[in-house]
Number of protein chains: 2
Amino acid sequence: MNEQNALLEAFNGTEVQLAGHGKREVAVLKEALAGVEEQLAADLYGSGAVIEDFQTEMAGVLGKESSVFFPSGTMAQQIALRIWSDRKGSKRVAYHPLCHLEIHEQDGLKELHHLEPLLLADKDRLITLDDVKNMGAGIACLLLELPQREIGGQLPEYAELEAISAYCREQGIILHLDGARLFEVLPYYGKTAAEVCGLFDSVYISFYKGIGGIAGAVLAGSREFTEESKIWKRRHGGDLISLYPYILTAKYYYGQRIGRMAGYYEQAKELAALFNSCHKVSTLPEVPVSNMFHVHFALSREQLAPVLIQVYTETGIGLTPRLKETGEASCAYELNIGDLYSGVSKPALEEAFRLLDKLLQEG
Amino acid sequence: MNEQNALLEAFNGTEVQLAGHGKREVAVLKEALAGVEEQLAADLYGSGAVIEDFQTEMAGVLGKESSVFFPSGTMAQQIALRIWSDRKGSKRVAYHPLCHLEIHEQDGLKELHHLEPLLLADKDRLITLDDVKNMGAGIACLLLELPQREIGGQLPEYAELEAISAYCREQGIILHLDGARLFEVLPYYGKTAAEVCGLFDSVYISFYKGIGGIAGAVLAGSREFTEESKIWKRRHGGDLISLYPYILTAKYYYGQRIGRMAGYYEQAKELAALFNSCHKVSTLPEVPVSNMFHVHFALSREQLAPVLIQVYTETGIGLTPRLKETGEASCAYELNIGDLYSGVSKPALEEAFRLLDKLLQEG
């Protein structure tokens with residue numbers, strides 16, 4: 001067994017974990033269904049109260065005319081960009097170099113829709129108003145991801161977001177929001193979802209990040225836009241005869257957790273400060289702006305794994321099941337605060353960080 | 001309220017129904033989950049025992065090296081044809097004019113994959129060996145649907161199927177099976193699924209037709225083929241973080257119903273004979289070759305609806321909630337035998353058909 005397997009095993013043996021909502025297991029579905037009547041009718045190819053009512057509710061939350069439930073954000077966002085591209089008569093769209101569409105979707109946008117993305121900004125920083133102003137003519141749609149996940153969940157200041165939105169409207173460039181973690185950034189912005197979405201022409205949100213559902217997404221915009229998205233949803237093979245297992249869990253966990261986002265954000269700041277107090281550890285961003293951040297270590301995975309295993313074993317607190325190599329003598333992992341963090345006692349947490357710091361200092 | 005709404009309402013008020021497995025409602029999911037442990041781990045982007053074990057099981061059933069679980073058949077089949085088209089270096093594929101890809105998918109195959117289908121046979125008959133021999137050069141892949149749903153679920157004789165398969169192999173034409181209702185035709189053919197699938201290079205099966213799951217499909221073939229299909233599954237947005245709600249229901253209802261297919265077939269023949277004994281009614285096929293057939297009436301929907309409503313009201317037996325207009329003075333509906341048929345007593349059934357025939361004779 002190598003160090004990384006040993007780390008996973010030690011993590012699985014811990015009593016409490018700092019991140020997430022808990023294990024992804026069937027209990028998640030069963031809990032959501034417990035209060036649902038057996039006689040509730042399934043949705044049928046996008047029709048029926050179970051899907052239509054939730055779409056109406058989410059359109060209201062996002063301040064858009066209409067919304068459509070999708071099995072995945074991958075499908076929803078490719079379709080959004082395709083519609084805007086067709087509307088504008090240009091195959092050129094713009095997004096961040098670490099956009100989900102660019103690095104996690106096997107180039108579906110290019111292979112299925114033949115769109116031509118322009119990568120804005122460097123991969124280690126946010127897109128700025130200047131980037132947008134310099135992107136040249138012919139861009140149908142600009143996609144912004146809030147927060148920018150792959151760089152730790154960073155956010156532009158709200159004023160800059162407003163300026164980008166105003167510029168795009170002025171220039172006739174469509175603005176689409178990758179809001180996979182939209183609800184998670186609202187406490188920092190001090191805005192409602194509808195206020196943020198008001199800056200965008202179309203919006204995608206996810207139900208299995210901060211919300212903690214099983215899968216599923218919503219795409220929102222004008223009714224004309226969402227009606228067109230339903231045609232593409234069928235083309236993609238996403239107009240399933242029934243999507244209710246995902247809809248019911250999305251609705252249940254949205255109800256459970258939407259009010260907890262401010263708490264997750266405060267806890268993320270508290271936890272990031274604990275990490276930053278340790279030798280050879282830093283977080284990105286240093287002060288989180290949502291429930292997420294990345295934890296960077298100035299040690300190789302091989303050096304760090306035994307340290308973490310000792311922390312897990314001695315304190316019963318699990319930090320991460322795995323580490324990503326980021327250089328010859330550095331590694332990192334992504335952390336999302338969820339329901340589990342509240343289950344860790346403050347003294348035990350401080351004890352774990354004292355031990356972590358001590359071991360890193362010695363190492 | 002027009003006649004068709006009145007028909008639906010009268011159907012919903014019946015005590016027993018002749019077709020299907022029962023209502024599509026949350027009870028279907030709850031029943032399947034009842035015996036599943038809460039601690040069962042979710043699948044994660046195609047990995048994990050819950051998805052991998054079921055894929056292995058289905059590959060075995062279908063006699064193929066490997067299989068992949070998909071959220072929908074629409075997605076699975078477009079991808080199958082795309083892979084074969086790329087492999088053969090030709091955008092031309094061939095299928096029946098009433099193929100699902102041609103009439104129910106908003107032209108996804110053309111819009112997303114830019115394939116060029118050749119429509120074989122007339123829309124009201126099966127594809128024959130002669131059609132295949134005459135389709136000309138350059139066809140990458142031929143798709144056959146068993147049974148051909150849109151014409152009542154007709155089937156070629158097995159010897160003709162074997163001859164088509166042999167011809168395609170000889171000519172280097174890939175043969176793909178749309179087996180949405182494959183399990184339902186095995187009693188007629190007297191073959192195993194693996195024997196039928198042995199005639200094809202790739203196979204798609206569905207879990208919400210005769211099996212009665214919620215949604216979901218499997219695509220099977222060589223490992224090289226299924227590995228490539230996973231890349232396209234991600235591109236389509238079908239590689240959901242978790243598909244277990246569909247997998248667990250597919251597995252449960254497959255276990256429940258795979259052994260009942262022969263019974264459904266016998267019952268379909270019995271019921272079709274009852275329909276054919278009535279005036280102005282005929283079934284297609286006259287003698288079913290699976291659990292399904294179409295019921296054709298030589299009356300308009302407007303004339304027939306009050307007749308059916310009277311049958312439903314007086315006997316408590318529901319035939320169909322809706323009718324499809326097929327001409328100025330004709331209409332039809334599709335019927336699939338499932339679990340419900342066994343719940344109808346023979347005397348009550350015969351009484352209902354006596355009344356139906358009497359009313360049609362008078363009408």
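Definitions and limits used
- Residues numbered from 1 in each chain as written.
- Chains lettered and ligands numbered in written order.
- Predicted model: local features only at pLDDT ≥ 70, side-chain atom pairs only at ≥ 80, totals over all residues.
- Heavy atoms only, no water.
- Pairing = 2+ DSSP bridges.
- Helix = DSSP H or I, 4+ residues; strand = E, 2+ residues; numbered from the N terminus.
- Axes fitted to C-alpha atoms, helices over the stretch in contact; angles between N-to-C directions.
- Contact = heavy atoms within 4.5 Å.
- Phe/Tyr/Trp six-rings, centres within 6.5 Å; stacked < 30°, edge-to-face > 60°.
- Buried < 20%, exposed > 50% of the residue type's maximum accessible area, 1.4 Å probe, protein only.
- Lys NZ or Arg CZ within 6 Å of the ring centre and 35° of its normal.
- Parallel < 35°, antiparallel > 145°, perpendicular 65-115°, else oblique.
- Left-handed = near helix turned anticlockwise from the far one by under 90°.
- Nonpolar A, V, L, I, M, F, W, Y, C, P; charged D, E, K, R; others polar.
- Domains from an automatic or database assignment.
- Buried area = accessible area lost by both parts, 1.4 Å probe.

Enquirer: Just checking my understanding: could you explain the sheet that holds strand β7 (residues 202-206) of chain A for this structure?
Expert: What links the strands of a sheet is backbone hydrogen bonding, and the strands pair in either a parallel or an antiparallel sense. Residues and elements named next belong to chain A. Here seven strands make up an open sheet; going across it, the order is β2-β8-β7-β6-β5-β3-β4 and the pairing mixed. Two strands in the sheet have a free side with no partner beyond their single neighbour: β2 (66-70) and β4 (116-119). On average, adjacent strands in this sheet sit at an angle of 20 degrees to one another, irrespective of strand direction. In the sheet, strand β5 (residues 141-145) pairs with strand β6 (residues 174-179) via five bridges, with the strands oriented parallel. Each residue of the ladder has a partner; that of L144, found in β6, is L177. This element, helix α4 (residues 73-88), spans β2, β3 (92-95), β5, β6, β7 and β8 (217-221) of the sheet and lies at about 180 degrees to β6.

Enquirer: Would you take a moment to explain the packing of aromatic side chains for this structure?
Expert: We describe a pair of aromatic rings using the distance from one ring centre to the other and the angle between the two ring planes. A full pass over the atoms with the stated rule returns 29 aromatic pairs over all chains. Seen from their ring centres, W84 of chain B and F225 of chain B are 4.7 Å apart, and the 10 degrees between their planes marks the pair as stacked. Highlighted residues: W84 of chain B in helix α4 (residues 73-88) and F225 of chain B in helix α11 (residues 223-236), separated in sequence by 141 residues. F225 of chain B matches W84 of chain B in its accessibility class, with the two residues each being buried. Geometrically, the ring pair formed by F275 of chain B and F353 of chain B is edge-to-face, given 4.8 Å between the ring centres and 85 degrees between the ring planes. Here the residue F275 of chain B occupies a position in helix α13 (residues 261-276), and F353 of chain B occupies one in helix α15 (residues 346-362), the gap between them amounting to 78 residues. The same class applies to F275 of chain B and to F353 of chain B, which are both buried. Through pairs of rings, three or more aromatic residues link up here, namely F275, F293, F297, Y333 and F353 of chain A. Lying over the aromatic face of W232 of chain A, R235 of chain A brings its terminal NZ or CZ to 4.3 Å of the ring centre.

Enquirer: Please explain the packing of α4 of chain A against helix α11 (residues 223-236) of chain A as it appears in this structure.
Expert: Each pair of packed helices can be summarised by the angle the axes make with each other and by the distance between the axes. Residues and elements named next belong to chain A. Taken N-terminus to C-terminus, the directions of α4 and α11 make an angle of 120 degrees; their axes are 9 Å apart at the nearest point. Judged on the interaxial angle alone, α11 and α4 are oblique. The way α4 lies across α11 gives a crossing that is right-handed. When α4 is examined against α11, the residues M75, Q78, I79, A80, R82, I83, W84, D86 and R87 are found in contact with a partner set consisting of E224, F225, E228, S229, W232, K233 and H236. Looking at the contact of α4 with α11 residue by residue, the classes come out as seven nonpolar, three polar and six charged.

Enquirer: Please clarify how the domain arrangement of chain A should be interpreted in this entry.
Expert: Accessible area lost during the coming together of the parts is what is often quoted as the interface size. All names here are of chain A. What the domain assignment lists for chain A is domain 1 (3-22 + 260-362) and domain 2 (43-241). For domain 1 and domain 2, the distance between their C-alpha centres works out to 31 Å. At the interface, 15 residues of domain 1 touch 18 residues of domain 2. For the pair domain 1 and domain 2, the summed buried area comes to about 1300 Å², and 63% of that belongs to carbon and sulfur atoms. On the domain 1 side of the contact with domain 2, M261, V289 and M292 bury the most area, a combined 42% of that side's loss.

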